Amino acid sequence: MSKSTSKHWRDLDSQHHLHPFTNHKSLRASGATRVIVRGEGPYIWDSEGNRILDGMSGLWTTNVGYGRKEIAEAAYQQMLELPFYNTFFKTTHPPVVALSNKLAELAPDKLNQVFFGSSGSESNDTAIRLIRHYWTLKGEPKRRIIISRAMAYHGSTIAAGSMGGMPHMHKHSYPVYEGFRHIIDPYWYGESKDGETPEAFGLRAAKALEDEILAVGPENVAAFAAEPVQGAGGVKIAPATYWPEIQKIVDKYGILLLADEVITGFGRLGTWFASEYYGIRPNLITFAKAATSGYIPLSGLLIDDKIVDALMSHDDDFNHGYTFSGHPVACAAALANLELMERESMVPRVNTFGAPSLARMLARFKDHPLVGEVRSVGMLGAIELVADKKTRRRFADPGRVGLICRDHFFNEGFIMRAVFDTMVTAPPLIWTADQFAEAETAIGRALDKTLSDVAGEIAA
Ligand code: PMP
């Protein structure tokens with residue numbers, strides 16, 4: 001496509017398309033930066049023919065990479081066979097049955113039922129309603145409070161947005177739905193005190209859950225909700241002491257544990273679900289994104305036997321569901337995606353190749369003058385950009401330097417996302433040594449260019 005074709009798409013885009021999470025005034029003035037037209041394996045192409053290495057899997061989503069014909073073929077065949085039917089009125093269909101069974105097989109022990117949706121936000125809303133319904137069925141309707149964490153992202157609907165802990169997400173839905181409380185996130189680099197070890201900090205961050213339970217009264221608390229690794233908040237990886245302590249506290253007070261695995265589900269940490277990786281026993285797991293590797297929307301909530309037993313032992317409706325719950329085409333695509341991941345051993349390969357390669361690549365930048373910390377777990381990684389490595393002092397105007405760096409990445413033909421001044425990456429699980437080498441070159445160049453842009457602000 002030519003430059004004039006790109007301009008055509010950009011101009012039309014500005015006229016009628018409002019983008020998510022956008023400053024509309026500034027986007028209207030600048031127009032969309034790029035028009036993405038194609039994807040193949042780990043790469044995407046823009047309308048001017050530039051090939052870009054996608055270090056974000058679209059949006060933490062395309063775990064198997066782009067252009068897998070097996071998924072497209074399965075969706076196509078299902079569209080011809082039965083493009084849609086609902087699952088409301090005591091009806092079902094083969095793809096939803098097969099996918100439910102497959103997910104029960106892959107999910108941690110005891111999580112044997114699944115309730116489908118089309119987005120992570122929707123499935124978190126399902127979780128919120130189901131958690132409160134559960135406690136009502138158990139005769140404890142006062143248990144309504146769900147505790148989650150600062151900077152958590154659980155979605156953009158009003159309920160999931162209220163459960164999330166990002167202040168800017170609460171801005172438009174004020175007053176935020178009642179019944180949510182937020183505790184500190186286990187972000188050692190940003191939140192620890194001078195000299196506090198990751199282990200000590202992990203215990204302190206977990207203890208915040210117990211403090212909050214006691215502050216609001218244990219009899220009022222329904223659940224704790226968290227991402228195993230906080231993704232959109234900046235790939236914040238809890239110290240090793242955190243999750244075991246959280247599980248102890250959840251058990252001690254008998255509250256439910258909701259693991260939001262919208263990012264971490266389907267192999268990102270080298271296990272089908274990150275709950276296995278951290279040895280936690282959630283009662284509910286939300287998933288979305290990589291269930292279909294993003295080829296078509298599908299999400300869901302995995303539910304454990306304890307909650308299902310409560311549903312089964314009461315003659316009471318759970319009045320909740322979506323037109324597209326268990327959409328046949330989405331289910332067929334998900335099945336093809338999961339089969340592909342199994343056939344190509346993508347999940348174990350994260351342990352043997354992806355995770356160590358990502359860790360090694362990021363480690364090469366830890367001595368760069370701009371870099372305060374690098375960290376990774378599985379195929380999730382982050383680089384902290386700071387003005388002063390020694391004191392961890394940030395740049396003035398948080399997010400400014402992150403955006404400069406992100407633009408340099410883009411110009412190097414590589415995508416990483418900026419969360420304020422934390423650069424985050426979530427490559428597809430299929431990267432080979434070639435893509436790691438390419439990413440390393442792009443990161444090195446982009447960091448050097450960013451450094452020369454902000455050289456005057458760096459501590460000597
Ligand atoms: N939970 C987590 C952990 C997420 O990262 C996201 C999206 N990035 C969501 C929920 C919401 O998913 P969706 O955008 O599909 O509604």
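Residues numbered from 1 in each chain as written. Predicted model: local features only at pLDDT ≥ 70, side-chain atom pairs only at ≥ 80, totals over all residues. Heavy atoms only, no water.

### Some details on the overall build of the chain
Quick note on the threshold: Put simply, DSSP marks the helices as runs of H or I at least four residues long and the strands as runs of E at least two long, and each gets a number from the N terminus on. The size measure is the radius of gyration over C-alpha atoms, and the globule rule it meets is 2.2 Å times the number of residues to the 0.38 power. Only protein chains enter the accessibility calculation, which uses a 1.4 Å probe. A residue is then buried if its area is under 20% of the maximum for its type, exposed if over 50%, and partly exposed in between. Here, residues are in contact when the closest pair of their heavy atoms is within 4.5 Å.
Scanning the chain from N- to C-terminus turns up 17 helices and 15 strands. At 22 Å, the chain has a C-alpha radius of gyration in line with the 23 Å of a compact globule built from 460 residues. Taking all 460 residues of the chain together, 56% fall into the buried category. Considering only intrachain contacts with a sequence separation of at least 6, the fraction spanning at least 24 residues in the chain is 71%.

### Quick notes on the environment of Asn220
Take Asn220: it is sitting in the loop between α10 (198-216) and β7 (221-226). Residues Asn220 and Arg144, spaced 76 residues apart in sequence, show a C-alpha to C-alpha distance of 6.0 Å. Setting aside its immediate chain neighbours within four residues, Asn220 contacts Lys142, Arg143, Arg144 and Ile145.

### Some thoughts on the sheet that holds strand β10 (residues 299-304)
In plain terms, the rule: At least two bridges found by DSSP between two strands is the condition for calling them paired. Whenever a helix is involved, its axis is fitted only over the stretch in contact; in every case the axis is a line through C-alpha atoms, and angles between N-to-C directions fall within 0 to 180 degrees.
Strand order in the open sheet made by the seven strands is β4-β10-β9-β8-β7-β5-β6, with mixed pairing throughout. The outermost strands of the open sheet, each flanked by one partner alone, are β4 (111-117) and β6 (180-183). Averaged over all pairs of adjacent strands, the angle between their axes in this sheet comes to 20°, without regard to strand direction. Across three bridges, strand β5 (residues 145-149) lies against β7 in parallel orientation. Among the inter-strand pairings, Ile147 is bridged to a residue of β7, identified as Phe224.

### Overview of the layout of surface pockets
The criterion, for reference: Only protein atoms enter the calculation, which uses a 1 Å grid: trapped sets of points that fit a 1.4 Å probe without letting it out are cavities, open sets showing protein on both sides within 12 Å along at least five of seven lines are pockets, and any residue with an atom within 4 Å of a point is a lining residue. Grid points are joined across faces, edges and corners, and a volume is the space filled by probe spheres set on the points. Charged means Asp, Glu, Lys or Arg here, nonpolar means Ala, Val, Leu, Ile, Met, Phe, Trp, Tyr, Cys or Pro, and polar covers whatever is left, Gly included.
Each pocket or cavity is described by its volume, and for the second largest pocket that value is around 810 Å³. Along its surface, the second largest pocket is lined by 24 residues, and Thr87, Val114, Phe115, Phe116 and His320 are the ones closest to its centre. The set of elements that each furnish at least two residues to the lining of the second largest pocket consists of α5 (94-106), β4 and α13 (305-312). With four residues, β4 is the largest single contributor of residues to the lining of the second largest pocket. Across the lining of the second largest pocket, the residue classes break down as 11 nonpolar, 10 polar and three charged.

### Structural notes on the packing of aromatic side chains
We describe a pair of aromatic rings using the distance from one ring centre to the other and the angle between the two ring planes. Here is the rule we go by: Under the pairing criterion, centres of Phe, Tyr and Trp rings, with the six-membered ring standing for Trp, must be within 6.5 Å; the plane angle then separates stacked pairs below 30 degrees from edge-to-face pairs above 60, leaving the rest tilted. Both a distance and an angle decide whether a charge sits over a ring: NZ of Lys or CZ of Arg must be within 6 Å of the ring centre and within 35 degrees of the ring normal.
Within the structure shown, the criterion is met by 15 aromatic pairs. Ring geometry for Phe266 and Phe287: centres 5.6 Å apart, planes at 85°, overall edge-to-face. Residue Phe266 is found in the loop between β8 (256-260) and α12 (274-278), and its partner Phe287 is found in strand β9 (residues 284-287); the two are separated by 21 residues along the sequence. Exposure class is identical for Phe266 and Phe287. Each is buried. Here the basic side chain of Arg38 rests over the ring of Trp45, its NZ or CZ set 4.1 Å away from the ring centre. Its guanidinium or amino end placed over the ring of Tyr187, Lys236 lies 4.5 Å from that ring's centre, counting from NZ or CZ.

### Let's talk about the site of the ligand
So the rule is basically this: Near is defined per residue: the residue qualifies when any heavy atom it owns lies within 4 Å of the molecule or strand. Here a polar contact means two N or O atoms within 3.5 Å. Within protein one must be a hydrogen donor candidate and the other an acceptor candidate, and residues neighboring in sequence count only if both atoms are side-chain atoms. Here, Shrake-Rupley sampling with a 1.4 Å probe gives the accessible areas, and only protein chains in the shown set may cover a residue.
Surveying the vicinity of the ligand reveals the residues Ser119, Gly120, Ser121, Asn124, Tyr153, His154, Gly155, Glu227, Asp260, Val262, Ile263 and Lys289. Interatomic distance of 2.7 Å between a side-chain N/O atom of Asp260 and a nitrogen atom of the ligand. The separation between a nitrogen atom of the ligand and a polar side-chain atom of Lys289 is 3.1 Å. Contact with the protein chains removes 83% of the 390 Å² of surface that the ligand exposes when unbound. Counted by class, the shell around the ligand contains three nonpolar, six polar and three charged residues.

### Quick notes on the environment of Lys25
Mapped onto the secondary structure, Lys25 falls in helix α2 (residues 24-30). Taking C-alpha positions, Lys25 is 45 Å from Asp317, a pair spaced 292 residues apart along the chain.

### Side note on the packing of helix α16 (residues 400-411) against helix α17 (residues 433-454)
Which entries qualify depends on this criterion: Each angle is binned into one of four classes, with values under 35 degrees roughly parallel, values over 145 roughly antiparallel, values of 65 to 115 roughly perpendicular, and all other values oblique. Should the near helix be turned counterclockwise from the far one by less than a right angle, the crossing is left-handed, whereas a clockwise turn marks it as right-handed.
Contact geometry for α16 and α17: axes closest at 8 Å, N-to-C directions at 135°. As summarised for this structure, α16 and α17 are arranged oblique, according to the angle between their axes. The interaxial crossing formed by α16 with α17 has right-handed handedness. Residues Val401, Ile404, Cys405, His408 and Phe409 of α16 form the contact with α17, whose participating residues are Ala442, Ile443, Ala446, Leu447, Lys449, Thr450, Asp453 and Val454. Looking at the contact of α16 with α17 residue by residue, the class counts come to nine nonpolar, two polar and two charged.

### Here's the deal with empty space enclosed by the protein
If you walk through the whole model with that rule in mind, you get one cavity of 30 Å³ or more. In this structure, the largest cavity occupies an estimated 70 Å³ of space. The wall of the largest cavity is formed by Asp13, Ser14, His17, Leu18, His19, His24, Leu27 and Arg28. Listed by contribution, the elements that provide at least two residues to the lining of the largest cavity are α1 (3-16) and α2. With three residues, α2 is the single largest residue contributor to the lining of the largest cavity. Residues of the lining of the largest cavity, tallied by class, amount to two nonpolar, four polar and two charged.

### Description of the confidence of the model for the chain
So the rule is basically this: Note on scores: pLDDT gives the predictor's confidence for each residue, bounded by 0 and 100.
Here the chain averages 96 in pLDDT, while 99% of its residues score no lower than 70. When mean pLDDT is taken per element in the chain, β8 scores highest with 99 and α1 scores lowest with 87.

### Examining the pattern of salt bridges
To keep it simple, the criterion reads: By convention in these notes, a salt bridge is any Lys or Arg side-chain nitrogen within 4 Å of a carboxyl oxygen on Asp or Glu.
Considering all chains together, one arrives at 25 salt bridges under this definition. Each member of the salt-bridge network shares a partner with another, and the members are Arg68, Glu70, Arg343 and Glu344.

### A few points about the sheet that holds strand β15 (residues 422-425)
With antiparallel pairing, the four strands of this open sheet are ordered in space as β11-β12-β15-β14. Edge positions in the sheet fall to β11 (371-377) and β14 (417-419), since each has one partner strand and no second. Neighbouring strand axes in the sheet, compared pairwise and without regard to direction, differ in orientation by 20° on average. Relative to strand β12 (residues 380-385), β11 runs antiparallel, the two being bridged by six bridges. Bridge pairing in β12 links Val374 to Ile383. Where α16 meets the sheet, it contacts β12, β14 and β15, and its direction lies at approximately 40° from that of β15.

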